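Single-letter residue listing:
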Amino acid sequence: MTVWPEQRSLVADVEFDTVDMTINIGPQHPATHGVFRMVLTIDGELVVDCEPYIGYLHRGLEKLSENADYRQAMGWWDRTDYLAGMACEFTYCQAVEKLAGIDVPERAEYIRVMMTELSRINSHFLFLGAFGADVGSFGTSFIYAWRERERIYDLFEEVAGDRMFPTYFRIGGVTMDLPENFESRVRWLLGSIEQGLEDLDGLLTGNEIFVERCRGLNPMTTERAIALGITGPCLRATGLPWDLRKAEPYGIYDRMKFDIPTGREGDVFDRYFVRLSEMYQSVKIVEQCLSEMPKSGLILNPNLPKTLRIESGETYVRHEGTKGEYGIYAMARGGVKPYRMKLRSPSFCNLSALRELVVGNYVADAIIILGSLDIVLGEVDK
Amino acid sequence: MVDLSFGDTLFGFWNWVDAIIRILIIVIAMTVMVIYLTYGERKVVARFQQRLGPTRTGPAGLLQGIADAVKLVGKEDIRPHNADRWVFEFAPFATFIPVLMTLVILPFAKDWGVRNMTLGLFYVFAILGLNIVGIMMAGLGSGNKFALLGGIRAAAQMISYEIPLVLSLLSVAMITGTLNLNIIAEQQDRYPYIILQPLAFLIFFTAMLSELHRAPFDIPVAESEIVGGYFVEYSGIRWSMFQLSEYAAMWAFTVFGSIVFFGGWQFPKGGDWGWGWQLALTMGKSLTFIIAIMWVRTTVPRLRIDQLMSFCWKILLPLSLVQIIANAFIIVYGGEYWLLSLTSGIGAIALVAIIINRAFRRSTKTTGLVGAYRSLQVPAP
Amino acid sequence: MTKADAVYPYPIGKAAPNKHLAELLEPLVSELGGTLSETTTDVNADIPLEKLGQFVEALNQRSALQFDMLRNISGVDLEAEGLALKYHFYSFKHGHALQVTVATAYEGAHVQTLTGLYPAADWHEREAAEMFGFTFDGHPNPKNLLLEEDLHIHPLLKAHPLQKVEIKQGIEAGPPGVILS
């Protein structure tokens, strides 16, 4: 169309023909917390489309488990949610115990719950630190969180002999008894954790910019969260107090007195805050375990067969993992190996909703939303 | 024969020799300064984060900066295949040259700088705006989308914040009656201009953080989003040119700010104890500034781009305009200095009140947020 | 009754009343030609493949059931008996947990997608499809999820060797991603 001089004033009304840009975030990117890739289509600073790609860390966990016996496979399940290895071991052991009908001594149950809760605190500390870094606080929150994580890892090392992948649980109990002066050490650790929580709370929640960035960002209704398969703190942030430790109690969680923190809006701030509050409840659970635990006793079921064979059966054991519902579908058809082991990993299911959550937000917010889902790639990619 | 005084004449052979010697001194001082600013930043940030920072290289890690510099020079200079060659390779220098040109007119001690310019303040306004050219060149020439995003963010941010920055300095220039930085410093023998113009200082400090891409305004280089922004494709010596210009700009800005608002080399209550003390005063004032910048960096997260823009255009710009108008009325109608101090003080209180009000508007929703994790529910919105 | 219970009328904190679920499901399952059984943890309903969509719609819609969450989809290779798909559902409203088993043929199994009723099924179905070779009819984005996009192997089939394919890609002729059988 020719533009005549007298029509030039009209040209300003014509919209510029802009082109959407595709940027590739990951697999090596500080915000993806591992090897995860998302392809964002952006219009200026706005995200108009998002396509997540996973599988960079796929190790064939399920196939490997089918080819090892029940005892051997456990080490691989540590490496799913590698920030809370003990919690994964708990689920795995209980899945096998359900199939084989094995009981666990009471003292071992207490130890298991205690270790699981400490793992949960550990994992949530990493979330707080990494989330602060995602929002942009230059590593200060990260280092604060790391101080407490180191102390928890030191305790794990003393108890199990390894920090990240302890393989401490056994089918029918735990490997070895607790070290001496364990109780006083844990009590000191819990005090330190609470101090660390207060520090992080002051640094992040007390920061105006942090609150302004997170509050009201990406709110979600309970119904939509359920339909998308979102569980764990992200679901509780929408206001639904659904926690498998209460809804379908397992282990000795029915004896524990703790609350389920919930949010209201389901926005990014609530997801952060639910996790922060949850850690305090975990501290309470560990304290109860310490005072109620039998001071001595068996830690491993003495009637275990030398080689575990399970004739048949199937089970779907689900626990409240650190990121949500951590479920294992296990099937046995005779022999010393599991016939099928399927992991329902909370990060996988939460991440599958990413596209819907991210589209329509700023690029900077997309990073925060991804951070607020708190994914662990070992769990997503299996 | 040779007049080595602090002149502003352009002609004559010895004047040029003199200028070259002075520039050499400045360049060497700047290099040493930048090396120890990186070291200092690492140490200060480490202490804020309960770490030790560098300790291994030399006593207390003092040689760390030099080791880093040697390593960076030795690194391969990589140019991406799809980068625009000349734009890409010249961008670090285009970023660095304006910073060096700013350093040329700063009086570090009484009557000592490279050149004493009558239009010094104006010169700074003119030169600082050129910084953006190099950053845009890096962003567009790298052939990288993160760099493009970073460059565009930087352009939007720096051009926006240039306006309140310049206006805040203009309001000081209205009082001084001169644009010569040496004379501006000399005038502050009784009280520094921060007392007369606290609002201008607050606006200057905020805009300075933004111009330097420091937290909470580090949007163009956001590490967790666009992994470094415009310099993401650079390596080796060209990358270190960006670092050099960043830290040199920080130094130049803080020296400049301390001259305009704190009297630079001038003693607080007058008096003249020689150029050594004057240099120490200038540097002390600017280092205090720098530590404040680092403190902010370790504490606060990053703003989003729309929040950043609305803060500039809706709060800083109107306030600086109001201050200029108030100054104009007071000066034209022959008001006293205390009147300037009063109006600007009210303005500064207003700025703080606006910020706190924004915070308070939020915190009515979130009363008692800190420590609330001990209770069950997230506080009611 | 806590405050949250008032907002969301879900039976939080009570043991799952799975006893009544079998009675509730009995007429529906027998109408569709399926059978009910029990696993260690859940009620299991075996449903014929072609009735899956109908059954799941009833699970989702009927007020007595209201299974609003799809927890998990798991493929199983039963060798001589063909393949099977295990769906795990959960009802927040009633606290019910249900496992639905669908048996399919060993090769070329076509299964109706559940992504319309449960958006959560998206990635689970993609994973089952690449791992076992199912085809989910009507899936909006039927690409490989965990494996490479052009890799058409089904590693979780029992016939698939543990190592062989990967070694073949590296040593023998042919570009990676092309299956050499």
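How each quantity is defined
- Residues numbered from 1 in each chain as written.
- Chains lettered and ligands numbered in written order.
- Predicted model: local features only at pLDDT ≥ 70, side-chain atom pairs only at ≥ 80, totals over all residues.
- Heavy atoms only, no water.
- Helix = DSSP H or I, 4+ residues; strand = E, 2+ residues; numbered from the N terminus.
- Buried < 20%, exposed > 50% of the residue type's maximum accessible area, 1.4 Å probe, protein only.
- Lys, Arg positive; Asp, Glu negative; His and termini not counted.
- Charge placed at Lys NZ, Arg CZ, Asp CG, Glu CD.
- Contact = heavy atoms within 4.5 Å.
- Areas by Shrake-Rupley, 256 points an atom, 1.4 Å probe, with all protein chains shown as cover.
- Buried area = accessible area lost by both parts, 1.4 Å probe.
- Salt bridge = Lys/Arg side-chain N within 4 Å of Asp/Glu carboxyl O.
- Nonpolar A, V, L, I, M, F, W, Y, C, P; charged D, E, K, R; others polar.
- Polar contact = N/O pair within 3.5 Å; in protein donor to acceptor, adjacent residues only side chain to side chain.
- Core = buried A, V, L, I, M, F, W, Y, C linked by side-chain atoms within 4.5 Å.
- Pairing = 2+ DSSP bridges.
- Axes fitted to C-alpha atoms, helices over the stretch in contact; angles between N-to-C directions.
- Phe/Tyr/Trp six-rings, centres within 6.5 Å; stacked < 30°, edge-to-face > 60°.
- Lys NZ or Arg CZ within 6 Å of the ring centre and 35° of its normal.
- pLDDT = per-residue confidence, 0-100.
- Expected span 1.5 Å × (residues − 1).
- Bend = angle between axes of the 7 residues up to and from the residue.
- Parallel < 35°, antiparallel > 145°, perpendicular 65-115°, else oblique.

Quick word on the overall build of chain A
Argument step 1. Of regular secondary structure, chain A possesses 16 helices and 8 strands.
Argument step 2. The principal-axis extent of the C-alpha atoms belonging to chain A is close to 95 × 45 × 35 Å.
Argument step 3. When each of the 382 residues of chain A is scored for burial, the buried share is 66%.
Argument step 4. The averaged location of the 56 negative side-chain charges in chain A is 7 Å from the averaged location of its 41 positive side-chain charges.

Quick notes on the overall build of chain C
Argument step 1. When helices and strands are tallied, chain C shows 5 helices and 7 strands.
Argument step 2. In sequence order, the secondary structure elements of chain C are arranged as α-α-β-β-α-β-β-β-β-α-β-α.
Argument step 3. In chain C, which comprises 181 residues, the share counted as buried stands at 50%.
Argument step 4. Looking at chain C alone, contacts between residues at least 24 apart form 53% of all its contacts between residues at least 6 apart.
Argument step 5. When the accessible surface of chain C is split by element, carbon and sulfur atoms take 54% of a total near 8,300 Å².

With respect to the interface of chain A and chain B
Argument step 1. The interface is formed by 57 residues belonging to chain A together with 42 residues belonging to chain B.
Argument step 2. Where chain A abuts chain B, roughly 4,500 Å² becomes buried across the two surfaces, and 59% of that area is made up of carbon and sulfur atoms.
Argument step 3. For the interface between chain A and chain B, the tally reads 2 salt bridges.
Argument step 4. Of the charged contacts, one joins Arg304 of chain B and Asp365 of chain A as a salt bridge, the two residues approaching to 2.9 Å between their closest N and O atoms.
Argument step 5. When its residues are assigned to classes, the side of chain A that touches chain B shows 26 nonpolar, 16 polar and 15 charged.

Looking at the environment of Tyr193 of chain B
All names here are of chain B.
Argument step 1. Secondary-structure assignment places Tyr193 in helix H8 (residues 193–196).
Argument step 2. C-alpha separation for the pair Tyr193 and Phe253, spaced 60 residues apart in sequence, amounts to 17 Å.
Argument step 3. Here Gln187 takes part through its side chain, which lies 2.6 Å from a polar atom of the side chain of Tyr193.

Thoughts on the pattern of salt bridges
Argument step 1. The final tally for this structure, using the stated rule, is 46 salt bridges over all chains.
Argument step 2. A salt bridge links Glu314 of chain A to Lys86 of chain C; the nearest nitrogen and oxygen atoms lie 3.0 Å apart. Of this pair, Glu314 of chain A sits in strand E6 (residues 313–320) while Lys86 of chain C sits in strand E4 (residues 83–90), on two different chains.
Argument step 3. Note on Lys86 of chain C: relative accessible area 5%, which makes it buried.
Argument step 4. The shortest N-O distance in the salt bridge between Lys342 of chain A and Glu127 of chain C comes to 3.5 Å. One end of the pair, Lys342 of chain A, is in strand E8 (residues 340–344); the other, Glu127 of chain C, is in helix H4 (residues 121–132), on a second chain.
Argument step 5. Here the salt bridges do not stand alone but share partners, grouping Glu117, Arg120, Arg236, Asp243, Arg245, Glu278 and Glu320 of chain A into one network.

A look at the interface of chain C and chain A
Argument step 1. Taken together, the contact between chain C and chain A spans 53 residues of the former and 49 residues of the latter.
Argument step 2. Of the roughly 4,300 Å² buried where chain C meets chain A, counting both sides, 58% is carbon and sulfur surface.
Argument step 3. Linking chain C with chain A are 9 salt bridges.
Argument step 4. Remark: the boundary between chain C and chain A carries 20 residue pairs in polar contact (both at pLDDT 80 or more).
Argument step 5. When contributions to the side of chain C that touches chain A are tallied by element, the ones reaching two or more residues are helix H1 (3–7), strand E3 (69–77), E4, strand E5 (97–104) and H4 of chain C.
Argument step 6. The element best represented in the side of chain C that touches chain A is E3 of chain C, accounting for 8 residues.
Argument step 7. Tallied by class, residues from the side of chain C that touches chain A come to 27 nonpolar, 13 polar and 13 charged.

A look at the nonpolar core
Argument step 1. Judged by nonpolar contacts, the single largest core of 168 residues is most densely connected at Met115, Tyr168 and Tyr272 of chain A together with Phe55, Tyr87, Phe89 and Val100 of chain C.
Argument step 2. Per-element tally for this core: the top contributor is helix H5 (residues 106–135) of chain A, with 12 residues.
Argument step 3. With near-sequence residues (within four places) excluded, Tyr272 of chain A lies in contact with Phe127, Leu128, Phe131, Leu200, Asp201, Leu204, Thr205 and Phe210 of chain A.
Argument step 4. Listed in part, the 76 residues of the second largest apolar core include Tyr161, Ala248, Phe256 and Met294 of chain B.

Quick look at helix H4 (residues 120–128) of chain B
Residue and element names in this part refer to chain B.
Argument step 1. Within H4, 7 of the 9 residues are buried, which leaves the element mostly enclosed by the surrounding structure.
Argument step 2. All buried positions along H4 are accounted for by Gly120, Leu121, Tyr123, Val124, Phe125, Ile127 and Leu128.
Argument step 3. Residues of H4 that are buried in the fold lie against helix H3 (85–103), helix H5 (131–141), helix H6 (145–176), helix H7 (181–187) and helix H11 (236–262).

Here we look at the sheet that holds strand E7 (residues 325–332) of chain A
Residue and element names in this part refer to chain A.
Argument step 1. Spatial strand order, E6-E7-E8: 3 strands in an open sheet with antiparallel pairing. With one partner strand each, in any of the chains shown, E6 and E8 form the two edges of the open sheet. Direction aside, neighbouring strands of the sheet carry axes that sit 10 degrees apart on average.
Argument step 2. Against the sheet, helix H4 (residues 85–100) makes contact with E6, E7 and E8, and its axis sits at roughly 150 degrees relative to E6, the strand it touches most.

Quick notes on unusual backbone geometry
All names here are of chain A.
Argument step 1. Even without being glycine, Asn181 reaches a positive phi, approximately 45 degrees.
Argument step 2. With respect to the secondary-structure elements, Asn181 resides in the loop between strand E5 (173–174) and helix H7 (182–205).
Argument step 3. The class of Asn181 is exposed, set by a relative accessible area of 52%.
Argument step 4. Positioned with a positive phi, Asn218 is a non-glycine residue whose angle comes to about 60 degrees.

Overview of the packing of aromatic side chains
Centre distance and the angle of the planes are the two values used to describe a pair of aromatic rings.
Argument step 1. Applying the stated rule across the entire model yields 45 aromatic pairs over all chains.
Argument step 2. When the centroid spacing of 5.8 Å and the interplanar angle of 55 degrees are considered together, the rings of Phe269 of chain A and Tyr272 of chain A count as tilted. With Phe269 of chain A and Tyr272 of chain A both in helix H12 (residues 268–292) and 3 residues apart, this pair spans about one turn of that helix. The pair Phe269 of chain A / Tyr272 of chain A is uniform in exposure class, with both members buried.
Argument step 3. Following the ring pairs from residue to residue traces out a cluster consisting of Phe201, Phe204, Phe205, Phe253, Phe256, Phe261, Phe262 and Phe289 of chain B.
Argument step 4. A cation sits over an aromatic face here: Arg149 of chain A above Trp146 of chain A, 4.6 Å from the ring centre.

Brief notes about the sheet that holds strand E1 (residues 35–38) of chain C
Residue and element names in this part refer to chain C.
Argument step 1. Pairing is mixed across the open sheet formed by 5 strands, whose spatial order is E1-E2-E5-E4-E3. The sheet terminates laterally at E1 and E3, the two strands that pair on one side only. Averaged over all pairs of adjacent strands, the angle between strand axes in this sheet comes to 25 degrees, irrespective of strand direction.
Argument step 2. Across 8 bridges, E3 lies against E4 in antiparallel orientation. Of the residues in E4, the one forming a bridge with Asn72 is His88.
Argument step 3. Contacts from helix H3 (residues 52–61) reach strand E2 (43–47), E4 and E5 within the one sheet, and its direction differs from that of E5 by about 170 degrees.
Argument step 4. Packed onto the sheet, H4 meets E3 and E4 and runs at close to 5 degrees relative to E3.

Quick notes on the confidence of the model for chain A
Argument step 1. When pLDDT is averaged across chain A, the result is 86; 96% of the residues are at 70 or more.
Argument step 2. The low-confidence segment residues 1–10 of chain A (pLDDT under 50) makes 3 contacts with residues lying over four places distant or belonging to another chain.

What to know about H3 of chain B
The periodicity of an α-helix, 3.6 residues per turn, causes residues three or four positions apart to be oriented the same way.
Residue and element names in this part refer to chain B.
Argument step 1. In this model H3 runs 29 Å from its N-terminal to its C-terminal C-alpha over 19 residues, within 8% of the 27 Å that 1.5 Å per residue would give.
Argument step 2. Of all bends in H3, the biggest is about 40 degrees, found at Ala91, and the proline Pro92 comes one to four residues later.
Argument step 3. Restricting attention to buried positions, one finds in H3 the residues Phe88, Glu89, Ala91, Pro92, Ala94, Thr95, Phe96, Pro98, Val99, Thr102 and Leu103.
Argument step 4. On the buried face of H3, the contacting elements are helix H1 (13–48), H4, H5 and H11.

A closer look at the packing of helix H9 (residues 198–211) of chain B against H11 of chain B
All names here are of chain B.
Argument step 1. Two elements in contact, H9 and H11, have axes whose closest approach is 12 Å; the angle formed by their N-to-C orientations is 175 degrees. On the basis of the axis angle, H9 is roughly antiparallel to H11. Here Ala200, Phe201, Phe204, Met208 and Glu211 of H9 come into contact with H11, specifically with Phe253, Phe256, Gly257, Phe261 and Phe262.
Argument step 2. When its residues are assigned to classes, the contact of H9 with H11 shows 8 nonpolar, 1 polar and 1 charged.

Some details on the environment of Leu351 of chain B
Residues and elements named next belong to chain B.
Argument step 1. With respect to the helices, strands and loops of the structure, Leu351 is situated in helix H14 (residues 337–365).
Argument step 2. Spatially, the C-alpha atom of Leu351 lies 7.8 Å from that of Ile315, the residues being 36 residues apart in sequence.
Argument step 3. Contacts of Leu351, omitting those with residues within four sequence positions, involve Leu199, Leu202, Ile203, Ile315, Leu316 and Leu319.

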